[in-house]
Amino acid sequence: MSAKKTAVVTGAAGFLGSHLTDRLLKEGYRVIGMDNLVTGNVRNIEHLAGNPDFDFIKHDVTKFIYLPGSVDLIFHFASPASPIDYLQIPIQTLKVSSLGTHNALGLAKEKGATFLIASTSECYGDPLEHPQKETYWGNVNPIGPRGCYDEAKRFAEAMTMAYHRAHGLDTKIVRIFNTYGPRMRLEDGRVVPAFIGQALQGNPLTVFGDGSQTRSFCYVSDLIDGIYRLSQSNYHEPVNIGNPREMTVLQFAQEILKHTGKDLPIIHKELPTDDPKVRQPDIGLASKLLGWEPKVAFEEGISRTVAYFRDFLAIKS
Ligand code: UDP
């Protein structure tokens, strides 16, 4: 029998799930990746084909999860994560973080495994506190178009804490703020792939509203490092992981034009319902608890991401 620890990653073919899988393999884990490929893509894990420490199971985690053998650590990362997805597949979005979280927690209980849930800054909704600390309870519209994601993730946090309190399960909750990097879906509608794709293809950049709303962007390797550290910690309440460098969406559009060397028009489109006006993580807790802080500068992360999409578009055409 292998002496390696076994980790399960749901959503392993997604943007974050695939980077997390790479990190776990590097840390010496055996990884079982699960995905139903609704928003994930096997292209994100094809480099792992033939790796004896990696297995992939195509499975919808809203259905009962059966796995033989021992499991040490479960990362529940399966979920659509783009506002366009929430509009197109709201019921799957609700189910994966409610029924899917229940099944993944049930598996953790059965195996005596540690459980880590990918939660989100969307738990804070359109925040009335800025920057957002973990102690803030949020300002979420439960019945708006983003409610399916926000409320399902809030339910997932509640369910995770209930398993921790009622069953003594070792659980962790990460609240992920806007993250970017290679393997994002070009067409997923989120602002990073949208603007980079538009710029590289010579199209106008579509800023929603007047572009004064703010976001704070974290490069994927920094996020994964924070999550890995959290998984090894003894802390059970939510922890924000993100990069506090905040900018307006309009400034972000100008940065993308600069980094792609393009001179293209910026056009304005209607601001989506309930689009948060500000978002910036307070990472004091992660820094104190995990000794973590982001390392990749915005300029560096964006140039790596632009290079990825340049390659991707060349492959496609
Ligand atoms: N946004 C934009 N143009 C686009 C896509 C997004 O101006 O083509 C804006 C969106 O309205 C939001 C911000 O960019 O204010 C970030 O949107 P994203 O979909 O990436 O994720 P969110 O942070 O809203 O979950």
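Residues numbered from 1 in each chain as written. Predicted model: local features only at pLDDT ≥ 70, side-chain atom pairs only at ≥ 80, totals over all residues. Heavy atoms only, no water.

> Would you mind showing me how to read the pattern of salt bridges here?
Summed over the entire model, instances satisfying the criterion amount to 20 salt bridges. Among the salt bridges present, the one from glutamate 157 reaches arginine 175, with a minimum N-O distance of 2.7 Å. In this pair, glutamate 157 sits in helix H4 (residues 147-167) while arginine 175 sits in strand S6 (residues 171-176), placing the two residues 18 residues apart along the sequence. Across the pair, arginine 175 and glutamate 157 agree in class, each one buried. Residue aspartate 170 pairs with lysine 172 through a salt bridge whose shortest N-O separation is 2.9 Å. For aspartate 170, a relative accessible area of 25% corresponds to the partly exposed category. (Salt bridge = Lys/Arg side-chain N within 4 Å of Asp/Glu carboxyl O. Helix = DSSP H or I, 4+ residues; strand = E, 2+ residues; numbered from the N terminus. Buried < 20%, exposed > 50% of the residue type's maximum accessible area, 1.4 Å probe, protein only.)

> What exactly am I supposed to notice about the pairing of strand S2 (residues 30-35) here?
Moving residue by residue along a regular strand, the side chains alternate between the two faces of the sheet. Burial runs high along S2: five of the six residues are buried. Bridging between strand S1 (residues 6-10) and S2 involves five bridges; their strand directions are parallel. Across the sheet, residue threonine 6 finds its bridge partner in S2, namely arginine 30. One crossover worth recording links S1 to the parallel S2 by way of helix H1 (residues 15-26), and it is right-handed. (Pairing = 2+ DSSP bridges. Right-handed = clockwise from strand over helix to strand, strands pointing away.)

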